[in-house]
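Residues per chain are reported as follows:
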Number of protein chains: 2
Amino acid sequence: MTQKRMTRQRKAILEILKDRKDHPTASEIYIQVRNRIPHVSLGTIYRNLSVLQELGQVQEINVNNNFKRYDGNPEQHYHFFCQDCGSVYDLYGSYQEELDQIFSQKNPHKIFGHNADFFGTCSHCINSN
Amino acid sequence: MTQKRMTRQRKAILEILKDRKDHPTASEIYIQVRNRIPHVSLGTIYRNLSVLQELGQVQEINVNNNFKRYDGNPEQHYHFFCQDCGSVYDLYGSYQEELDQIFSQKNPHKIFGHNADFFGTCSHCINSN
DNA sequence: TTAGTTGCAAACGCTTTGCCGAAAA
DNA sequence: TTTTCGGCAAAGCGTTTGCAACTAA
């Protein structure tokens, strides 16, 4: 990996991502970065998100295959997807290591870890019905 | 939902998907369907995969955001992604309902279910090193 | 007969990339 | 001064869609 520099653009993206509790798309981040740096380009957003991922400061989330979302929390944690409004939330609760052991015993592969995504109706949508 | 017809194309896609143990992409399916129906089009593959999903006969798998993969096994089951060769396998072992309960207690959302993807090195890659 | 389906090709939408001037270190 | 980075715009690429002809039921 080559030497990385902390540019204004990269710093802005990282700060915005750490501030937000939700998991914005690249273009949502773009809109917000433009408030600070009006002539920033979408290409710059994508390039920096990729660098920040390599550096382990940001996680990419696969909601579905339409577009990627980004998470400023690099810790291992699960996500919840609301089927009604499409929002993505972090879940409270710890990583379930037992799962890796259970499935290691039943399968021939060397399992290093897992991701889990929960789905249902979020608290906001429950209350607005 | 409107009435669905079992066309040659739809039948071919379904049969191919049920036969394969791996989880092909739309264009891999396209290549195989062309052996039976030379003038089939990619658009037809996509449209039928979408219909077969609605009918609950096929599952869509999000490997990463580059493209979708399809699974001819509509049962709830977990997947394993090999980080070395990129293959996707079905895992043996049952759905862990407890997970839904554990995280329902710790979070304000109504959880209906979850997906889990495991990763590591597959048995084939272990043996070839 | 008729409504769903197909092939073809164009359109889409998110993401990546080439180029060259700008700016971290 | 060197080398990474950014802005801009074009290209890439998997997926979707409009349309007229076709076909399962």
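Remember, predicted model here, so these are calculated numbers, not experimental data. (Residues numbered from 1 in each chain as written. Chains lettered and ligands numbered in written order. Predicted model: local features only at pLDDT ≥ 70, side-chain atom pairs only at ≥ 80, totals over all residues. Heavy atoms only, no water.)

## Here's the deal with the relation of the copies chain A and chain B
The two copies are related by a screw motion: chain A maps onto chain B through a turn of 180 degrees and a shift of 0.1 Å along the axis, at an RMSD of 0.2 Å. One copy is carried onto the other by what is essentially a two-fold rotation axis. Using C-alpha coordinates, one finds that chain A approaches the rotation axis most closely at A116(A), a distance of 2.1 Å. A share of 98% of interface residues in chain A that are also interface residues in chain B marks the association as one of identical surfaces. (Least-squares fit on C-alpha atoms with pLDDT ≥ 70 in both. Contact = heavy atoms within 4.5 Å.)

## Focus: the packing of aromatic side chains
Counting across every chain of the model gives 10 aromatic pairs over all chains. With a centroid separation of 5.2 Å and 75 degrees between ring planes, the pair formed by F103(A) and Y78(B) is classed as edge-to-face. Of this pair, F103(A) sits in helix α4 (residues 97-106) while Y78(B) sits in the loop between β2 (68-71) and β3 (79-82), which puts the two residues in different chains. Judged by its relative accessible area of 1%, Y78(B) falls in the buried class. Taking the centre distance of 6.4 Å and the plane angle of 50 degrees together, the rings of F80(B) and Y89(B) count as tilted. The rings of Y78(A), Y95(A), F118(A) and F103(B) are connected pair by pair, giving a single aromatic cluster. Between R34(A) and the ring centre of Y30(A), over which it is positioned, the NZ or CZ distance is 4.5 Å. (Phe/Tyr/Trp six-rings, centres within 6.5 Å; stacked < 30°, edge-to-face > 60°. Helix = DSSP H or I, 4+ residues; strand = E, 2+ residues; numbered from the N terminus. Buried < 20%, exposed > 50% of the residue type's maximum accessible area, 1.4 Å probe, protein only. Lys NZ or Arg CZ within 6 Å of the ring centre and 35° of its normal.)

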